[in-house]
Amino acid sequence: MILDRVELLHVRRRLAHPFRISLGAITAREFVVLLGKADGLTVYGEANIDARPFYAFETVGTVWEMISEVLLPLVLGKSFDSIEDVCQTWQSIRGHEYAKAAVEHLYWDLLGKQRGQSIQQLLGGKGETVEVGTSHSIASSTQEYIADIESALAQGIRRIKIKVQPGWDDQPLALIRKHFGSITLMADANAAYFPEHIDHLTSLDRFDMLMLEQPLPPLDLVHHKELARRINTPLCLDEGAHDLAMVENAVTFAACQIVNIKVGRVGGLSKAKLIHDWCHERRIPLWCGRRTGSGISMASELALATLPGFKYPTDHGIELIQETMDHFVPINQFELSDAYARIPTGPGIGVDVDDKMLNELTIRRLMIKP
């Protein structure tokens, strides 16, 4: 596998409506798309990160600089026999997982297109579809909030996730249970709570949730363990599951019962599969998280979610039914039917990209050559 050149594209897409979590609200998504050329093939990668340190410390700016100044100069024009060989080139570079994941993504697409295999086949996943769920932001209008959930349920979605924070948890959870009854419900705090909130968090047991996702700060396994001991609702790590070592520590320490894998956060598909394999061997249930970007990353994430350890619905319903506009990867390629999305089966990422639309949404570009 040899990449001849790569163009970095800073892309901006509108959201259909503002999306608010405990860390703030956004009305558009900015992220980085990589467009590579290799032996007559066009290949794609994506870093679905934010313009500001909103969810993670990495940003469009840090990813842009790391990819263009550090990662691509190490690999462009060089021959690799495997994805593992590619990743080995930056073994000594600490952090910057979204940047690494985006460059690795190019090689997964290239490997699949050269072999005539989908990323699902390369990963060893099975199945034609994956169940998806939706994620509903912190709301300013109760009426719109209920209508948003009603719309998702009407389209066949069976798992509803809501964002929570101190001061916005009891009210929406009670409202949902009163209005919708015993639907499958979970809450995601994005690390909004602190140890002094543990007594309050245990009181959320009465809402009979599927799980409570990342209630406390990402590195705080001590208090996650205390909360896990006191609460009946299963705890899920998201931001805290940033690599295999952290997952091993959290599970061994009894600080969580479920793990959410986001491909970019853990450093790419290779690292994601390592975490999957470790958890699946120990029967720790998984699900695949989603950071809104485009169908380029979504196709590969859905492929990952067909591995056997992924027990719960993915977050990809966010993008498929409710959140984004300006689709330069036509959304109908995923053929959402009820709560199930189709897995792309073409070579590599398996989806067609509307390069004209992608060009219109690009606000900055940079060509990198060996």
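All of these numbers come straight from a predicted model, not from anything done at the bench.

What counts and how
Residues numbered from 1 in each chain as written. Predicted model: local features only at pLDDT ≥ 70, side-chain atom pairs only at ≥ 80, totals over all residues. Heavy atoms only, no water. Helix = DSSP H or I, 4+ residues; strand = E, 2+ residues; numbered from the N terminus. Polar contact = N/O pair within 3.5 Å; in protein donor to acceptor, adjacent residues only side chain to side chain. Contact = heavy atoms within 4.5 Å. Buried < 20%, exposed > 50% of the residue type's maximum accessible area, 1.4 Å probe, protein only. Salt bridge = Lys/Arg side-chain N within 4 Å of Asp/Glu carboxyl O. Expected span 1.5 Å × (residues − 1). Core = buried A, V, L, I, M, F, W, Y, C linked by side-chain atoms within 4.5 Å. Axes fitted to C-alpha atoms, helices over the stretch in contact; angles between N-to-C directions. Parallel < 35°, antiparallel > 145°, perpendicular 65-115°, else oblique. Nonpolar A, V, L, I, M, F, W, Y, C, P; charged D, E, K, R; others polar. Pairing = 2+ DSSP bridges.

1. Quick word on the side chain of threonine 306
- The residue threonine 306 is located in the loop between α12 (295-304) and α13 (317-322) in this model.
- Among the polar contacts made by the side chain of threonine 306, one reaches the side chain of glutamine 120 at a distance of 3.2 Å.
- Once you skip the residues sitting within four places of it in the chain, threonine 306 turns out to touch Gln120, Gly125, Lys126, Gly127, Val130 and Ile343.

2. Quick notes on the environment of alanine 187
- Turning to its location among the elements, alanine 187 is positioned in strand β7 (residues 184-188).
- You can call alanine 187 buried: its relative accessible area is 0%.
- If near-sequence neighbours (up to four positions away) are discounted, alanine 187 is found in contact with Ile162, Val164, Met209, Met211, Leu212 and Glu213.

3. Description of the pattern of salt bridges
- Tallying each qualifying case throughout the model produces 21 salt bridges.
- Of the charged contacts, one joins arginine 158 and glutamate 131 as a salt bridge, the two residues approaching to 2.9 Å between their closest N and O atoms. Of the two residues, arginine 158 is situated in the loop between α5 (142-154) and β6 (159-163) and glutamate 131 in strand β4 (residues 129-131); the sequence distance between them amounts to 27 residues.
- Residue class for arginine 158 comes out partly exposed when judged on its relative accessible area of 46%.
- Close ionic contact of arginine 230 with aspartate 199 constitutes a salt bridge, the shortest N to O distance being 2.4 Å.

4. Remarks on helix α3 (residues 97-115)
- Here α3 contains 19 residues, and its C-alpha end-to-end distance of 26 Å stays within 8% of the 27 Å for a straight helix at 1.5 Å per residue.
- Counting buried positions along α3 yields 16 of 19 residues, so the element is predominantly enclosed.
- Once α3 finishes, glycine 116 follows within two positions and takes phi at roughly 70°, a positive value.

5. Topic: the nonpolar core
- In terms of nonpolar packing, the biggest core is built from 121 residues, with Ile67, Tyr107, Leu304 and Phe328 touching the most fellow members.
- A total of nine residues in this core trace back to one element, the largest contributor, which is α3.
- If sequence neighbours within four positions are ignored, leucine 304 has contacts with Leu123, Ile261, Val263, Leu269, Ala272, Lys273, Cys288 and Phe310.
- Of all hydrophobic cores here, the second largest spans six residues; its members include Met186, Cys236, Ile258 and Tyr312.

6. Concerning the packing of α3 against helix α11 (residues 269-281)
- Interhelical geometry of α3 versus α11 gives an angle of 100° and a closest axis separation of 8 Å. Taken together, the axes of α3 and α11 lie roughly perpendicular to each other. Across the interface between the two elements, Glu97, Glu104 and Trp108 of α3 pack against Leu269, Ser270 and Lys271 of α11.
- Its residues assigned to classes, the contact of α3 with α11 comprises two nonpolar, one polar and three charged.

7. Structural notes on the sheet that holds strand β10 (residues 258-261)
- Strands sit in the order β5-β6-β7-β8-β9-β10-β11 across an open sheet of seven strands; the sheet is parallel. Whereas interior strands pair on both sides, the edge strands pair on one side only; in this sheet they are β5 (134-136) and β11 (286-288).
- Across three bridges, the pairing between β5 and β6 is parallel. By the bridge assignment, histidine 136 is partnered in β6 with isoleucine 162.

8. A closer look at the side chain of asparagine 260
- Tracing the sequence through the fold places asparagine 260 in strand β10.
- What makes asparagine 260 buried here is its relative accessible area of 0%.
- At a separation of 2.8 Å, a polar atom in the side chain of asparagine 260 contacts the main-chain amide nitrogen of glycine 289.
- Residues in contact with asparagine 260, not counting those within four places in the same chain, are Glu213, Cys236, Leu237, Asp238, Ala241, Arg265, Trp287, Cys288 and Gly289.

9. With respect to the environment of glycine 264
- Checked against the element boundaries, glycine 264 lands in helix α10 (residues 263-266).
- Given a relative accessible area of 7%, glycine 264 falls into the buried group.
- Once the C-alpha coordinates of glycine 264 and aspartate 148 are considered, the two residues, 116 residues apart in sequence, prove to be 28 Å apart.
- Apart from residues lying up to four places away in sequence, glycine 264 is in contact with Glu97, Tyr98 and Ala101.

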